[in-house]
Amino acid sequence: MAETRLSPDGASVADPTWATPLGLDQAYADFRVGLVRVLTSAGVDPRSGTSIASALGINRQLAWQIATISGESGTAPGLGVLPGKRGLDLFAQACERQLDDRSLVEALRARMRSLEEAITAHTGDRASLGLFAAALDPHTLGDTSEALRRDGFRAQCTLLGIKAATQVRGVIFAPSRRGDPSAVSLATYQCFTDLVRLRRDRPCRLLFIEAPTHDDGSPAMSADTMRAHMQEKFELDAALSTGSIDAVDIVVQGVRGWVVLQPGETGRSGRSNLVFTGSASYEHPRYRTSRDMYNQIGMVTYVPTETMHIDCLIPRSFAEQGSLLKNISVSCFDASTGLPMRPVTTDDPAYLFSLLESQPISATELACDTTTPRMAEAVDRAARRVGCTIDQLVGVRLTSSFAMSPMNFVVSRTLPDRGA
């Protein structure tokens, strides 16, 4: 049997799609229309939280939620700030006190009930609404899921026994150190700020790499060279770190390897800053070939981190610097069931979200980075490994809040054709 709902003009209509996501979209749209009508009839600016709070005598948090919904056409972000049932009832009561025409408020209450019914049909209960709202729009999942990731971050810190305030993972694309015009050297830096152990008896993974492969999945490096590859890529810089060099170890298993933090002092008294820089002898393709179309660098996170920065840098003199800065993209994948397919794609079932906003960075911005002590020195040391200095670099930084374990952030760059 078809359910009934109120149309935007207040009429009751049959809606055979009520048990579909489209029904939830319509229920939210109907509620929003009623909301705006009530507020404008009361002479209140529906998009001003200050005006709503002042005119109706409700608290600022509830007024902000109402104003946000009034101006938000998207179901996912709108449901993300929807007040609870008690808050909506308080709002309706406040409107009744201000309006002589009770029919508008009654129509709004009917739309509120319809929206609650749709929420129950689609999510089961209000507790699950945040999860559902965050998942409705995959394009904004990185932003809308931040509050959910914060809760997961806190839980993971306890379970894994480790956390960090800031983690910076950077890659520097540079000309081949071997003089090979068809290859690029890659320098990397990894910085952990305020790294704190929460469990004394537990070693923790910090960094991971797998032996490089071509886009077709064929190996580009043998397992025999993995330990040397790890040592080149992840060298602890004792001069820039506050932790002991004995606190970390390299573990290699076949074509995979980890940098591991050993058990040690727990709590803030034992916190440390760790900086790793390196540049492996293996060099990546510079131009598109039949076997390789991308530069793709995976950065697996094991340490729950409040702020995660991913830097992509290149010398100004490098011919590809313009296309690199325009073509760089960073996507996040679930690594709990293994790494994503190669080459990585957002069609992969492991895909979670993409980092959409990048900020230009230079030596000045890196020197002024207050979140990571001695950031500029770390970048300069990594740059010198591939024959350049920090003042020669330009690039972009992408940021994610509350990075959880294990997430795999993959930097992707489509390779240009030779001579392009």
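Check the entry above for the structure.
Quick summary incoming for the structure in this document. Note that the coordinates shown come from a computational prediction; the quantities given were computed from them, not determined experimentally.

**A word on the pattern of salt bridges**
Part 1 of the argument: The full count for this structure, using the stated rule, is 15 salt bridges.
Part 2 of the argument: Notably, a salt bridge pairs D89 with R86, separated by 3.8 Å at the nearest N-O pair. Separated by 3 residues within a single helix, D89 and R86 lie in helix α5 (residues 85-98), roughly one turn from each other.
Part 3 of the argument: R154 is the partner of D151 in a salt bridge, and the nearest nitrogen-oxygen pair spans 4.0 Å. Of the two residues, D151 and R154 are both situated in helix α9 (residues 146-160); the distance of 3 residues between them amounts to about one turn of the helix.
Part 4 of the argument: What makes R154 exposed here is its relative accessible area of 51%.

**Side note on the nonpolar core**
Part 1 of the argument: Counting residues in hydrophobic clusters, the biggest one holds 33 residues, and the most contacted among them are F31, I52, L82, F91 and L115.
Part 2 of the argument: A per-element tally of this core places helix α1 (residues 21-41) first, with 7 residues.
Part 3 of the argument: Non-local contacts of I52, meaning those with residues more than four positions away in its chain, are made with L39, V44, D45, P46, G57, I58, A63, I66 and A67.

**Topic: the state of the cysteines**
A covalent bond between the sulfur atoms of two cysteines is referred to as a disulfide.
Part 1 of the argument: Under the definition given, this model contains 0 disulfides.
Part 2 of the argument: Summary of cysteine pairing: C204 is not part of a disulfide, and the nearest cysteine sulfur, belonging to C157, is at 11 Å.
Part 3 of the argument: C312 carries a free sulfur, and the closest cysteine sulfur to it, the one in C191, is 14 Å from it.
Part 4 of the argument: When its relative accessible area of 0% is taken as the criterion, C312 is described as buried.

**What about the pairing of strand β5 (residues 204-210)?**
Part 1 of the argument: For β5, the tally of buried residues reaches 5 of 7 residues, placing the bulk of the element in the interior.
Part 2 of the argument: Of the strand pairs in this sheet, β5 and strand β8 (residues 256-261) are connected by 6 bridges, and their pairing is antiparallel. Bridging from a neighbouring strand, R205 pairs with V260 of β8.

So, how was this worked out
- Residues numbered from 1 in each chain as written.
- Predicted model: local features only at pLDDT ≥ 70, side-chain atom pairs only at ≥ 80, totals over all residues.
- Heavy atoms only, no water.
- Salt bridge = Lys/Arg side-chain N within 4 Å of Asp/Glu carboxyl O.
- Helix = DSSP H or I, 4+ residues; strand = E, 2+ residues; numbered from the N terminus.
- Buried < 20%, exposed > 50% of the residue type's maximum accessible area, 1.4 Å probe, protein only.
- Core = buried A, V, L, I, M, F, W, Y, C linked by side-chain atoms within 4.5 Å.
- Contact = heavy atoms within 4.5 Å.
- Disulfide = S-S within 2.5 Å.
- Pairing = 2+ DSSP bridges.

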